[in-house]
Amino acid sequence: MKKMTLKSRLFGGVVAVSAALLAVSCAQGFDDNETWKSDVTGTQLESPALTEANFATKVNPDGSESVQVSWDVVKGAGGYECVAAIVDDPENPVEVFNGVVDSPTFSFTKLEDTKYEVSVKTLGNEKLDNTEAAAPTSIAYSTLVPAQLIPAGQDIVAFVEANILDQDKEQAFELEGGASYEINGELDFGNRLVTFRGDKLNRAKVKFGLDGVIRTSAGLKIKFIDFDCDEMASKGVIEGSNNPDASLDAANFTGYAGAGKVYILKDPIVIQECNFRQVKRCLFYTGQHAWGVEDIRVMDCVVQLDNNGQSFGDAAVFCTYSGTSIGPAGGATWTSAIRNITVKNSTLYNIRDNSKNRMVRFATNQMGRIFDSQYGSATFENCTISKIMNGKEFANNTPNRAEYTVTFNNNICYDVFRLQKFIQGNCTKNVNMATNTIWGVAQSVDSTDKSKYATEEDPQFAGPIEEPWDLSQEKGGVNFKAAGAISSTIGDPRWK
């Protein structure tokens, strides 16, 4: 849609609202104040100027955020007609604010990774014989981290190595919507905060070559990308860097116990709205160095595995185990951990039977050996989990103490074995078995699982559910829509 068309569309919807509110604005607005009168009369007014400086983030009492737009008073105005719309899809704007205000400010809910168009039009004042502005002032506003665009077909590794900035401030690399790329080497973002993203509405596709892998030793956000992992040979899709900076030694973090034994990655690794096809081993692997990772989150994703466990006996979707785990002081320490794991609104499924691997493999069950306390957590909510793993316990070595909290609710577990090894008896548990279902195929359901953690129920998926994810289809060519009495109300929301 052309820009002028968008403006007309946005403001067309406020005519009725403006008519109703304009009378109030004129009768009760600025110019009725007995202590102040405008000296601007008989004039056609201008809409206020807007720049990025007119936008601010406001934290609400409930912890959410709003965008507050403020501008200089237009003398003699009878109010302002304001519209804010989400324009991620310019052809279909979604209004989030539409109304008339007396004061030179308004606000709307702030959403992450969102493009907006904001318009303000000065309204006339009949008492002062001032007429409204001829047109609104419009400005684009975005909550996306400013990014360098990687041209379609460009080697991603080469581009990042040539253009990444050595700075503490978060930076971003963006892929063209709908374009195809390859990662044929180590894409190592190093000790820099990075967002690596595609387009929300038209995802780019990235194929890993044999030596392809993503590495980091700082906070990393990966968003809106479809990944084909079929040809990659690395143990993890995402791994800790092989060249950690000495400043990340736990010795440099107050109260941390792993001095000389482990590197600390403080900022979160976030994987959001991505699809992964044919993952052979791990989604995340700490790597050959010992890493204490504070926070990993997987949100609104599909992770499809092609893993029978025969070649990769020490793998897991989230894996901190390594036979070397070299620490800052050198030598094998076998000390790696993920302190907090969160998986929400996601589907994780395998197309192979697997009696070797797990969802989570902990190298240690003592968070206090690495971090500044024994505190930690694992959260799975609104997930559909199939065949991960159907012949091996869900996790091993989970911290079995009150400081570690396991939240497990609204999940469908199909052909999944032994949740009880993940939800340890002494953990602090946030688990309602009435909101989880479990069904055994390769193995019968563990007696503890069905008495404490999930209701035994066949979800009766519409299917198919054992096909490799098809990156050309919106929902991958599979269908995990459930028909069970409980299962149909829970699990990954994309199948509802």
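Residues numbered from 1 in each chain as written. Predicted model: local features only at pLDDT ≥ 70, side-chain atom pairs only at ≥ 80, totals over all residues. Heavy atoms only, no water.

**Concerning the overall build of the protein**
The condition that has to hold: By definition, any uninterrupted DSSP run of H or I lasting at least four residues is a helix, any uninterrupted run of E lasting at least two residues is a strand, and each is numbered from the N terminus. Residue contacts follow a heavy-atom distance rule, with two residues in contact if any of their heavy atoms lie within 4.5 Å. Positive charges come from Lys and Arg alone, negative charges from Asp and Glu alone, with His and the N- and C-terminal ends not counted. Charge placement uses NZ in Lys and CZ in Arg. For Asp and Glu, CG and CD serve respectively.
On a plain count of helices and strands, the protein comes out with 4 helices and 35 strands. Reported as C-alpha extents along the three principal axes, the dimensions of the protein are approximately 85 × 55 × 45 Å. At a minimum sequence separation of 6, the contacts of the protein that also span at least 24 residues come to 74%. Taking the average location of the 47 positive side-chain charges in the protein and that of its 63 negative ones, the two points are 7 Å from each other.

**Quick notes on the pattern of salt bridges**
The following threshold applies: Salt bridges are defined by distance alone: a side-chain nitrogen of Lys or Arg within 4 Å of a carboxyl oxygen of Asp or Glu. Exposure classes here rest on a 1.4 Å probe applied to the protein chains alone. A residue is buried below 20% of its type maximum, exposed above 50%, and partly exposed in between.
Across all of its chains, the model carries 27 salt bridges by this definition. Lys280 is the partner of Asp230 in a salt bridge, and the nearest nitrogen-oxygen pair spans 3.0 Å. Separated by 50 residues along the polypeptide, Asp230 in the loop between strand 16 (225-228) and strand 17 (236-240) and Lys280 in the loop between strand 20 (275-279) and strand 21 (282-285) bring together distant segments of the chain. Among the ionic pairs, Arg339 bridges to Glu294, the shortest N-O distance being 3.2 Å. Of this pair, Arg339 sits in strand 25 (residues 337-344) while Glu294 sits in strand 22 (residues 291-299); the two residues are 45 residues apart in sequence, bridging distant segments of the chain. Given the relative accessible area of 6%, Arg339 is considered buried. According to the relative accessible area criterion, Glu294 is buried, its value standing at 9%. Here the salt bridges do not stand alone but share partners, grouping Lys207, Asp228, Glu231 and Arg277 into one network.

**Thoughts on empty space enclosed by the protein**
Just so we agree on the cut-off: Cavities and pockets are defined on a 1 Å grid built over the protein atoms alone: a cavity is a set of grid points where a 1.4 Å probe fits but cannot escape, while a pocket is an open set with protein on both sides within 12 Å along at least five of seven lines, and lining residues are those with an atom within 4 Å of any such point. Grid points are joined across faces, edges and corners, and a volume is the space filled by probe spheres set on the points. Amino acids are sorted into nonpolar (Ala, Val, Leu, Ile, Met, Phe, Trp, Tyr, Cys and Pro), charged (Asp, Glu, Lys and Arg) and polar (every other residue, Gly among them).
The tally for this structure, following the rule as stated, stands at 1 cavity of 30 Å³ or more. Estimated volume of the largest cavity: approximately 100 Å³. Around the largest cavity, the lining residues are Asp88, Asp113, Lys115, Leu144, Glu174, Arg197, Gly198, Asp199, Lys200, Leu201 and Phe224. Among the residues forming the lining of the largest cavity, the class breakdown is 3 nonpolar, 1 polar and 7 charged.

**Observations concerning the packing of aromatic side chains**
Threshold: A pair of Phe, Tyr and Trp rings is counted when the ring centres sit within 6.5 Å of each other, with Trp represented by its six-membered ring. The angle between the planes then sorts it: under 30 degrees is stacked, over 60 is edge-to-face, the rest tilted. The rule is short: NZ of Lys or CZ of Arg within 6 Å of the ring centre and within 35 degrees of the ring normal puts a charge over the ring.
Counted by the stated rule, this structure contains 26 aromatic pairs. Ring geometry for Phe108 and Tyr116: centres 5.0 Å apart, planes at 50 degrees, overall tilted. Accessibility expressed as a relative area gives 3% for Phe108, which makes it buried. Taking 5.7 Å as the distance between ring centres and 75 degrees as the angle between the ring planes, the aromatic pair formed by Phe380 and Phe394 counts as edge-to-face. With a gap of 14 residues between them, Phe380 in strand 28 (residues 376-381) and Phe394 in the loop between strand 29 (384-386) and strand 30 (395-396) connect regions that are remote in the sequence. The same class applies to Phe380 and to Phe394, which are both buried. Each member of the aromatic cluster is reached from another via a ring pair, and the members are Phe55, Trp71, Tyr80, Phe97, Phe106, Phe108, Tyr116 and Tyr141. For the cation-ring pair, Arg361 lies above Tyr321, with the distance from its terminal atom to the ring centre recorded as 4.1 Å.

**Side note on the environment of Asn243**
Summarising the element assignment, Asn243 is placed in the loop between strand 17 and strand 18 (263-265). You can call Asn243 exposed: its relative accessible area is 67%. Separated by 102 residues in sequence, Asn243 and Tyr141 have C-alpha atoms that sit 38 Å apart.

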